[in-house]
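Breakdown of the fold
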Amino acid sequence: MDNLTKYNAAFVESFGVDETAVDGLEYESIVEWDSVGHMGLIGEIEEAFEIELQMDDVIDFGSYAKGKDILKKYG
């Protein structure tokens, strides 16, 4: 599974949205992406990529696009 597929799957799993709807998502743009949903998403991403995001990155992770930029730091 490539990285983009893993990334998209984290959003699908966390928020129950269709994969075609993940691009363009932003924090609180859907009911599921609230503070609790945010931490669930972070957990899914950390598990999928076997990383631990720094707290600053967790806070800055406010959109699908921003998350992709943040993950570049982790390889």
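Keep in mind that this is a model prediction, so the values were computed, not measured. For every chain, the first residue of its written sequence is number 1, and the numbers climb from 1 along that sequence. Local features in this predicted model are restricted to residues whose pLDDT is 70 or higher, and side-chain atom pairs enter the listing and the counts only when it is 80 or higher, whereas totals over whole chains, interfaces and linings include all residues. Note that water and hydrogens are dropped before the side-chain values are worked out from all heavy atoms of the structure.

1. Observations concerning the nonpolar core
Put simply, a nonpolar core is a bunch of buried Ala, Val, Leu, Ile, Met, Phe, Trp, Tyr and Cys residues held in one set by side-chain atoms that sit within 4.5 Å of each other. Only protein chains enter the calculation, and the probe is 1.4 Å; a residue is then buried if its accessible area is under 20% of its type maximum, exposed if over 50%, and partly exposed in between. Y7, F11, L41, I45 and F61 are the most contacted members of the largest nonpolar core, which has 18 residues in total. The way it works is that DSSP assigns letters per residue, a run of H or I at least four long becomes a helix, a run of E at least two long becomes a strand, and they are numbered from the N terminus. Those elements giving two or more residues to this core turn out to be α1 (3-15), α2 (35-49) and α4 (64-72). Contact definition: two residues touch when any of their heavy atoms are within 4.5 Å. Leave out the neighbours within four places in its chain, and F61 touches Y7, F11, W33, H38, L41, I42, I45, G67 and I70.

2. Some words on α2
In a helix, the anticipated span is given by 1.5 Å times the number of residues less one. Here α2 contains 15 residues, and its C-alpha end-to-end distance of 21 Å stays within 8% of the 21 Å for a straight helix at 1.5 Å per residue. Buried within α2 we find G37, H38, L41, I42, I45 and F49. Take α2 and look down its axis: the buried residues cluster within an arc of 145 degrees, on one side only. Exposed residues on α2 whose side chains face more than 90 degrees from its buried face are V36 and E47. Polar contact is defined as a pair of N or O atoms within 3.5 Å, subject to the rule that within protein one atom must be able to donate a hydrogen and the other to accept it, and that residues adjacent in sequence are counted only when both atoms are side-chain atoms. Of the residues that open α2, the one with a side-chain oxygen 3.2 Å from the backbone nitrogen of V36 is D34. Count one or two residues on from α2 and you reach E50, which has phi positive near 55 degrees. Here the arc refers to the set of directions running from the helix axis out to each C-beta atom.

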